[in-house]
Each structure stands twice: as C-alpha cells, then as structure tokens.
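Observations on the three-dimensional arrangement
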Amino acid sequence: ERPLEEGETRNYEYLDHTADVQFHAWGETLGESFEQVVVCMFSYITDLHTVELTDTSTVEVSGHDLQSLLYNFMDEFLFQFCTEGFVARRVEILEFDREAFSITAKGRGEKFQARVKHPQGTEIKAITYSAMQINIKDTGPADVYVIVDI
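Being a predicted model, the structure only gives us computed values, none of them experimental.

A few points about the pattern of salt bridges
Considering all chains together, one arrives at 7 salt bridges under this definition. Where Glu-8 meets Arg-90, a salt bridge forms, and the shortest distance between an N and an O atom there is 3.5 Å. Residue Glu-8 is located in the segment before β1 (12-17), and its partner Arg-90 is located in strand β4 (residues 86-97); the two are separated by 82 residues in the primary sequence. Since its relative accessible area comes to 7%, Glu-8 is described here as buried. For Lys-117, the salt bridge goes to Glu-52, with nearest N and O atoms at 2.6 Å. In this pair, Lys-117 sits in the loop between β5 (102-111) and β6 (126-127) while Glu-52 sits in the loop between α1 (30-45) and β3 (55-62), placing the two residues 65 residues apart along the sequence. Judged by relative accessible area, which is 42%, Glu-52 ranks as partly exposed.

Now the structure itself:
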C-alpha cells in the first residue's frame, strides 16, 4: 500500500461475499462514510494512486430514506464512470440534508484510461440494497456496508 497524500484518508475494506463484493466504509461522520464508500468503489475498479486530481464532477442525488440516498449516491458515481469514464479519487459532500434525504457532492479525479494509464481492476455492474447497513449515532462516527454486483 502506497502512502496517502496530504488530505486523503482510506477508511474502508473489502469483505468477501459470494459472487459479489461487500464494501465497508467508515468516517467521523455519516457524510465521511458515504464519501469513503464511493472512494472504495473506485479503488476496486482501479489503483487510485494512478488517478490524478485533474477533473471535477458534481453529483446531486436524493432519496426517500438514507438507504435509497446511499444507493443513489453510489449509483450516480458509477453511472458517470460507465458513461463518461470519470474516476473519483476523492469525494467531498458539499451539502447533506438528512431530513430531505439529498446530497450535493464533488468528485475529483480524471477520465479512466484502461491499460494506458490506469490498471484494470474489477468491473462493478451494479449497486445493490442486499444487506445494506448504515450504522449511525446522533453524532460521531458512522459506518456503512454495501454489496455490489461484480
């Protein structure tokens, strides 16, 4: 594992799951755990150390509860990867409304260049609700578990 640059954290792990992979991400806040699970997803697709912070992408999503919000948040970043090839090395939530279940976020990274610049990791076909967990307290640390189809 290569050292992180200033301002970067990697609070996540991969957990084995049949025919899928489960991501576990955590942070000091619920927003940080949401940010980290998206970074985790991209680190499963490629080596993030090869991704430069040259481009920015904005994501605006909403849901009807926290689970649908997390699903839609990850799914929008995956959609941008599938349609535009955008890989986010860093994700920052700019606005997180836990009552209206909406997020505005910024991803920083660049266009994916398979085998030319970025090693090909594992393709992620879809985000799932299967065994999704969001563990939060009123304040303080939070963590999330999300299974994706590979």
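Past the structure itself, the notes keep going.
Things to note about the side chain of Asp-143
Examined against the element boundaries, Asp-143 turns out to sit in strand β8 (residues 142-149). Despite its burial, Asp-143 pairs with no opposite charge; the closest candidate is Lys-137, at 7.1 Å N-O. A distance of 2.8 Å separates the side chain of Asp-143 from the side chain of His-24, its partner in a polar contact. If near-sequence neighbours (up to four positions away) are discounted, Asp-143 is found in contact with His-24, Ala-25, Trp-26, Ser-33, Gln-133, Ile-134 and Asn-135.

Quick notes on α1
For α1, with 16 residues, the first-to-last C-alpha span of 23 Å sits near the 22 Å given by 1.5 Å per residue. In terms of residue burial, α1 counts as a mostly covered element, since 15 of its 16 residues are buried.

A closer look at the packing of α1 against helix α2 (residues 66-84)
Taken N-terminus to C-terminus, the directions of α1 and α2 make an angle of 35°; their axes are 11 Å apart at the nearest point. At the point where α1 passes α2, the crossing takes the right-handed sense. Facing α1, whose interface residues are Leu-30, Phe-34, Glu-35, Val-37, Val-38, Met-41, Phe-42 and Ile-45, α2 presents Leu-66, Leu-69, Leu-70, Phe-73, Met-74, Phe-77, Leu-78 and Phe-81. The residue inventory of the contact of α1 with α2, partitioned by class, reads 15 nonpolar, no polar and 1 charged.

Quick word on unusual backbone geometry
Here the phi dihedral of Phe-101 falls at roughly 55°; this positive angle occurs in a residue that is not glycine. As for its position among the elements, Phe-101 is in the loop between β4 and β5. Using a relative accessible area of 21% as the deciding quantity, one classes Phe-101 as partly exposed. Phi is positive for Ala-131, close to 55°, though the residue is something other than glycine. Checked against the element boundaries, Ala-131 lands in the loop between β6 and β7 (133-135). The class for Ala-131 is partly exposed, based on a relative accessible area of 45%.

With respect to the packing of aromatic side chains
Overall, the coordinates contain 11 aromatic pairs when judged by the stated rule. When the centroid spacing of 4.9 Å and the interplanar angle of 65° are considered together, the rings of Tyr-14 and Tyr-44 count as edge-to-face. Here the residue Tyr-14 occupies a position in strand β1, and Tyr-44 occupies one in helix α1, the gap between them amounting to 30 residues. The exposure class of Tyr-14 is partly exposed, given its relative accessible area of 39%. The interplanar angle of 85° and the centroid separation of 6.3 Å between the aromatic rings of Phe-42 and Phe-77 together place this pair among those described as edge-to-face. One end of the pair, Phe-42, is in helix α1; the other, Phe-77, is in helix α2, with 35 residues separating them in the sequence. Phe-42 gets classed as buried once you look at its relative accessible area, which sits at 0%. One aromatic cluster in this structure is built from Phe-34, Phe-42, Phe-73, Phe-77, Phe-81, Phe-96 and Phe-112.

What counts and what doesn't
- Residues numbered from 1 in each chain as written.
- Predicted model: local features only at pLDDT ≥ 70, side-chain atom pairs only at ≥ 80, totals over all residues.
- Heavy atoms only, no water.
- Salt bridge = Lys/Arg side-chain N within 4 Å of Asp/Glu carboxyl O.
- Helix = DSSP H or I, 4+ residues; strand = E, 2+ residues; numbered from the N terminus.
- Buried < 20%, exposed > 50% of the residue type's maximum accessible area, 1.4 Å probe, protein only.
- Lys, Arg positive; Asp, Glu negative; His and termini not counted.
- Polar contact = N/O pair within 3.5 Å; in protein donor to acceptor, adjacent residues only side chain to side chain.
- Contact = heavy atoms within 4.5 Å.
- Expected span 1.5 Å × (residues − 1).
- Axes fitted to C-alpha atoms, helices over the stretch in contact; angles between N-to-C directions.
- Left-handed = near helix turned anticlockwise from the far one by under 90°.
- Nonpolar A, V, L, I, M, F, W, Y, C, P; charged D, E, K, R; others polar.
- Phe/Tyr/Trp six-rings, centres within 6.5 Å; stacked < 30°, edge-to-face > 60°.

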